[in-house]
Each structure stands twice: as structure tokens, then as C-alpha cells.
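Okay, here's what each chain looks like letter by letter:
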Amino acid sequence: MLKTIRHSIFAWRYKRAVKEAKELAALFGIKYYVLNLGGSLKVVPKRNIKDLIKQKKFRKGISVGDVERMALFVTT
């Protein structure tokens, strides 16, 4: 039962993050990613990915392309 509660909470957070990413992409015309950072879902614009890599939020040697493949959702 605990597993189904966790899955439903994650699904709700995922839907909310995707909705936010789509709204921001439509508003600003920039590509947005939904990433799992530190156990929570974050909506990050593509231009801030390099800053996150410099701040060492990802493991050493990761590139922007790797982050794009790792993303849970990418706006177009």
C-alpha cells in the first residue's frame, strides 16, 4: 500500500512539473527540462543546464546532451 501511495504522489508531482514546464515554454519560447535533482522534480531551462553542471549538481564528466537524455520530460 505504501508503494502505491508513493507512486501516486510521484505521478501527481510529475504532472504538475510537466504542466509548469509547458506553460513556461509557451510563455518564453525556451526549451525546458523536468529533472529529478536531489529526490525532487525541478523545472529547469536549457540555458541554465551549464550553470548546474558548473555548480557540480551532476557527476563529473556529464554534458548537456547527457542531461537531455536523463530528463524525465523535455518541452519542444
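Residues numbered from 1 in each chain as written. Predicted model: local features only at pLDDT ≥ 70, side-chain atom pairs only at ≥ 80, totals over all residues. Heavy atoms only, no water.

Enquirer: What exactly am I supposed to notice about the packing of aromatic side chains here?
Expert: Following the criterion strictly, the structure yields one aromatic pair and no others. Ring centres of Phe10 and Tyr14 lie 6.3 Å apart, and the angle between their planes is 20 degrees; this geometry places the pair in the stacked category. In this pair, Phe10 and Tyr14 are both assigned in helix α1 (residues 2-28), four residues apart and thus about one turn of the helix distant. The class for Phe10 is partly exposed, based on a relative accessible area of 42%. (Phe/Tyr/Trp six-rings, centres within 6.5 Å; stacked < 30°, edge-to-face > 60°. Helix = DSSP H or I, 4+ residues; strand = E, 2+ residues; numbered from the N terminus. Buried < 20%, exposed > 50% of the residue type's maximum accessible area, 1.4 Å probe, protein only.)

Enquirer: What am I meant to see in a nonpolar patch on the surface here?
Expert: Where nonpolar side chains cluster on the molecular surface, the patch consists of Met1, Ile5 and Ile9 and spans about 330 Å² of accessible area. Judged by relative accessible area, which is 37%, Ile5 ranks as partly exposed. (Patch = residues over 30% accessible without salt bridge, like charges linked within 9 Å, V, L, I, M, F, W, Y side chains within 5 Å. Areas by Shrake-Rupley, 256 points an atom, 1.4 Å probe, with all protein chains shown as cover. Salt bridge = Lys/Arg side-chain N within 4 Å of Asp/Glu carboxyl O.)

Enquirer: Where do I start with the nonpolar core in this structure?
Expert: Inside soluble globular proteins, nonpolar side chains tend to come together where they are buried. One finds Tyr33, Leu35, Leu37, Val44, Ile49, Leu52, Phe58, Ile62, Val67 and Ala71 forming the largest nonpolar core, which totals 10 residues. Mapped onto this core, the elements with two or more residues apiece are β1 (32-37) and α2 (49-54). Considering each element in turn, this core owes the most residues, three residues, to β1. For Ile49, the residues in contact, after removing those within four places along its chain, are Tyr33, Leu35, Val44, Val64 and Val67. Listed in part, the nine residues of the second largest apolar core include Ala17, Ala21, Tyr32 and Val43. (Core = buried A, V, L, I, M, F, W, Y, C linked by side-chain atoms within 4.5 Å. Contact = heavy atoms within 4.5 Å.)

Enquirer: For this particular structure, what's the right way to read unusual backbone geometry?
Expert: Negative phi characterises most residues that are not glycine, and trans characterises most peptide bonds. Non-glycine residue Lys56 carries a positive phi angle of around 60 degrees. Take Lys56: it is sitting in the loop between α2 and α3 (64-70). According to the relative accessible area criterion, Lys56 is exposed, its value standing at 69%.

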